[in-house]
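Residue-level listing of the chains:
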Amino acid sequence: MSNILTQKFSTPYNSVPFPQIHEEHYLPAFEELIAQAEQEINEITENPESPTFENTIEALAYSGEKLEVVSSTFFNINSAETNDEIQNIAQKVSPMLTEFSSKISQNEALFERIKTVFDQKNQYALNPEQQMLLNETYKGFVRSGALLNESDKKKLEKLNMELSVKSLQFGQNVLAATNDYFLHITDKQKLKGIPDTVLEQYAQEATERNLDGYVITLQYPSYLPAVTYAENRELRKELTIANGKKSFDGKSWDNQELIKEIVSLRQEKSQLLGYENYAAFVLEERMAKSPLAVQKFLNELLEKATPFAQKEIEELRILAKADHIEEMQIWDHAYYAEKLRKQKFDLNDEELKPYFQLNKVEEAVFGLAEKLFGLTFLERNDIPKYHPEVKTYEVLENGHHKALLYTDYHPRKGKRAGAWMTSYTQQYKKNNENHRPHISIVCNFTPATKETPSLLTFQEVTTLFHEFGHALHGILANTQYPTLSGTSVKWDFVELPSQFLENYCYEPEFLKTFAKHYETGEVLPDEKIRKLAESKNFMEGYQTLRQIGFGLLDMAYHTKPSNISNIKEFETEKTKATNLYPIHPETAASTSFSHIFQGGYSAGYYSYKWAEVLDADAFQYFKENGIFNENLAAKFKNLLSSGGTQDPMELYKNFRGSEPKIENLLKRAFG
């Protein structure tokens with residue numbers, strides 16, 4: 001039986017033919033494509049000619065092309081449209097890919113050829129991108145254990161396989177725990193304070209479950225409005241605790257032991273490779289370079305932000321006291337923060353939502369990409385989709401094909417929480433052809449109801465701009481090699497484009513072009529735009545401490561993993577400097593901290609704040625010279641299109657003329 005996944009796709013731009021792919025195709029396809037990729041490696045190692053950059057380094061960079069596409073497709077579907085069968089396949093496929101990866105990284109004949117080229121690099125006339133590829137390839141092999149003895153190589157292979165399976169299990173547990181919980185309410189009085197548009201959403205959820213009344217879930221667009229607007233404190237408490245108990249309640253999806261196993265395996269791996277701890281291993285390849293530099297950075301921010309955060313919480317306590325609450329709890333935060341925001345700026349999400357219709361916000365972000373970078377977006381109905389809600393666009397530059405973009409905006413049972421950008425195929429150049437990328441944005445925005453179109457909270461607006469910033473990094477990619485293309489950059493540099501783009505959401509000149517009432521067409525009034533800009537830093541101290549807390553916790557797990565006997569106690573101890581509310585005994589953040597235990601942010605969560613320093617500095621440059629300045633946009637476009645071909649600090653200095661200054665972040669955040 002022919003397998004669609006192993007054939008050349010006969011679709012526009014070789015896009016993934018989703019409707020033709022069935023679950024039973026994946027496993028045989030992986031088996032066949034892994035064998036094919038292994039054969040490509042054998043051809044490199046068995047080449048009778050002496051090793052050269054072209055026949056070894058370049059050949060390796062281009063190998064496994066079809067396997068990469070199928071892997072991306074499968075794991076993207078596992079995140080955006082999964083089911084039990086897909087998850088079962090993932091448990092089989094992950095160790096297969098880990099084993100394949102280990103075979104390559106521990107292939108002595110291959111490494112000998114790489115080392116020969118590396119040792120003779122001065123004999124080659126390599127351009128900067130080729131030099132980067134050679135250095136990264138050699139270093140990648142060394143960091144994957146190429147210099148270890150046979151026994152230690154076997155240990156490393158086993159560790160990598162175990163980590164692959166356990167990380168996957170962590171994410172599946174969080175998804176299962178999220179989907180398992182729902183709160184069914186028949187008494188509308190208990191939902192007092194929650195806006196009607198949200199109640200419609202809850203009623204629709206109940207109908208879909210064949211229930212009367214209302215259903216609230218732990219999906220973000222359902223959970224957040226409840227804890228923000230519900231006057232019923234017990235309801236807020238119940239939902240907050242349920243959310244905080246995810247994979248921490250001793251049920252079958254509990255992640256506590258899994259965390260201990262993951263951090264222990266990571267520590268063992270890093271020590272086997274000659275590093276003191278996993279953070280030291282990871283940070284060697286980041287802009288920050290060392291755990292000490294990260295801790296210094298986080299502590300400097302902590303010192304600056306703490307007084308602002310404490311002042312903010314004191315303001316909330318005054319409001320809560322008026323409601324006879326003597327001691328505020330974490331489930332009171334969003335509710336009183338929203339009250340204070342309303343009091344200070346006369347703004348609330350529900351008031352603003354009618355001005356942010358999803359398709360208009362999307363048009364705006366597309367328009368911004370056209371203004372800054374000369375890109376246009378044409379919806380295509382002939383590009384296959386994995387779900388009816390997905391939209392597909394051809395991205396054009398000066399009328400020429402640049403990329404494909406998939407957008408997938410609303411929650412579903414088979415979609416993990418959060419928002420992310422990913423790709424199905426990378427950009428690269430080969431045989432005089434520039435292979436253009438296929439990029440995807442996946443979110444969990446408030447869906448349309450029978451009465452209203454999809455209307456976004458302002459936070460959802462900034463989320464769309466954030467993910468679109470990542471997408472631009474992929475779309476604008478223009479490098480020779482796939483391993484250096486698009487978002488294949490140092491991890492603490494990857495958030496710069498996404499966070500940079502968020503700044504535009506607060507600029508009156510830009511906001512007025514799209515923030516229009518979905519029924520009347522009225523532009524968001526100047527007064528509200530002014531207040532929106534003023535409110536940008538609302539609760540910034542609290543949010544900064546929260547992010548620092550996650551960053552410190554991440555660093556603690558990956559610098560001191562041997563002293564973890566109790567997850568809750570460890571978490572409480574490591575985040576105590578950033579905790580502004582009493583700790584509830586039934587909740588823990590670690591057990592659903594997917595960024596570091598399933599995603600790629602292990603020993604790297606600090607990079608969100610690190611990138612904020614970069615984005616504040618970069619946008620200040622635009623503010624000083626015009627937010628649509630063509631010359632600056634051209635320089636920023638060059639930064640984005642360069643991917644990982646240069647050292648990120650050098651790339652940044654080429655754009656800005658100097659290293660980023662933390663003062664621009666502090667000025668933006670705290671005045």
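Our subject is the structure listed above.
Since we're looking at a predicted model, the values are computed, not measured.

(A) Representation of the overall build of the protein chain. Along the protein chain, the regular secondary structure elements total 27 helices and nine strands. Rg of the C-alpha trace for the protein chain: 25 Å, near the compact-globule value of 26 Å for 671 residues, within the 12% margin. Here the C-alpha coordinates of the protein chain stretch approximately 80 × 60 × 55 Å along the principal axes. For the protein chain, the proportion of its 671 residues judged to be buried stands at 58%.

(B) Fine view of unusual backbone geometry. The phi torsion at lysine 289 lies on the positive side, around 75°, for a residue other than glycine. By secondary structure assignment, the location of lysine 289 is in the loop between α12 (278-283) and α13 (291-322). Positioned with a positive phi, asparagine 431 is a non-glycine residue whose angle comes to about 50°. Tracing the backbone through its elements, the reader meets asparagine 431 in the loop between β7 (428-430) and β8 (433-435).

(C) Structural view of the pattern of salt bridges. What the rule picks out here adds up to 47 salt bridges. In this structure, the salt-bridge partner of glutamate 350 is lysine 353, at a minimum N-O distance of 3.3 Å. In this pair, the class of glutamate 350 matches that of lysine 353, namely buried. Three or more residues are tied together by salt bridges with common partners; here these are Glu81, Glu389, Asp408, Arg412 and Lys415.

(D) Looking closely at the packing of helix α4 (residues 84-105) against helix α7 (residues 150-180). Look at α4 against α7: their axes get within 9 Å of each other, and the N-to-C directions meet at 155°. Judged on the interaxial angle alone, α7 and α4 are roughly antiparallel. Between α4 and α7 lies a crossing whose hand is right-handed. Contacts between α4 and α7 pair Gln87, Ala90, Gln91, Ser94, Pro95, Thr98, Glu99 and Ser102 from the former with Glu157, Asn160, Met161, Ser164, Val165, Leu168, Gln169, Gln172 and Leu175 from the latter. Looking at the contact of α4 with α7 residue by residue, the classes come out as six nonpolar, nine polar and two charged.

(E) Summary view of the sheet that holds strand β3 (residues 375-379). With mixed pairing, five strands are arranged side by side in an open sheet as β3-β4-β5-β9-β6. The two strands at the open ends of the sheet, each matched to only one other strand, are β3 and β6 (420-425). Going across the sheet, the axis of each strand differs from the next one's by a mean of 30°, ignoring polarity. Bridge count between β3 and strand β4 (residues 391-397): five bridges; the pairing is antiparallel. Among the inter-strand pairings, glutamate 379 is bridged to a residue of β4, identified as tyrosine 393. Along the sheet, helix α16 (residues 358-373) contacts β3, β4 and β5 (400-408); its crossing angle with β3, the most-contacted strand, is approximately 145°. Strands in contact with helix α17 (residues 458-475) are β3, β4, β5, β6 and β9 (438-442); relative to β9, the strand with the most contacts, it is inclined by about 175°.

(F) Structural view of the state of the cysteines. Summed over all chains, the structure comprises zero disulfides. Considering cysteine sulfurs only, cysteine 443 is the nearest to cysteine 505, which forms no disulfide, with 13 Å between them. The class of cysteine 505 is buried, set by a relative accessible area of 0%.

(G) Spotlight on the nonpolar core. Core analysis: the biggest nonpolar cluster contains 139 residues, and Phe356, Phe377, Leu405, Phe465, Phe468, Tyr504 and Tyr557 have the highest contact counts within it. Top contributing element to this core by residue count: α13, with eleven residues. Apart from the residues lying within four places of it in its own chain, the contact partners of leucine 405 are Phe366, Phe377, Lys391, Thr392, Tyr393, Val395, Ile439, Ile441, Phe468 and Ala471. Membership of the second largest hydrophobic core comes to 56 residues, among which are Ala61, Leu67, Ala90 and Leu97.

Criteria and thresholds
- Residues numbered from 1 in each chain as written.
- Predicted model: local features only at pLDDT ≥ 70, side-chain atom pairs only at ≥ 80, totals over all residues.
- Heavy atoms only, no water.
- Helix = DSSP H or I, 4+ residues; strand = E, 2+ residues; numbered from the N terminus.
- Rg over C-alpha atoms; globule rule 2.2 N^0.38 Å.
- Buried < 20%, exposed > 50% of the residue type's maximum accessible area, 1.4 Å probe, protein only.
- Salt bridge = Lys/Arg side-chain N within 4 Å of Asp/Glu carboxyl O.
- Axes fitted to C-alpha atoms, helices over the stretch in contact; angles between N-to-C directions.
- Parallel < 35°, antiparallel > 145°, perpendicular 65-115°, else oblique.
- Left-handed = near helix turned anticlockwise from the far one by under 90°.
- Contact = heavy atoms within 4.5 Å.
- Nonpolar A, V, L, I, M, F, W, Y, C, P; charged D, E, K, R; others polar.
- Pairing = 2+ DSSP bridges.
- Disulfide = S-S within 2.5 Å.
- Core = buried A, V, L, I, M, F, W, Y, C linked by side-chain atoms within 4.5 Å.

By themselves, these observations are geometric and do not establish any function.
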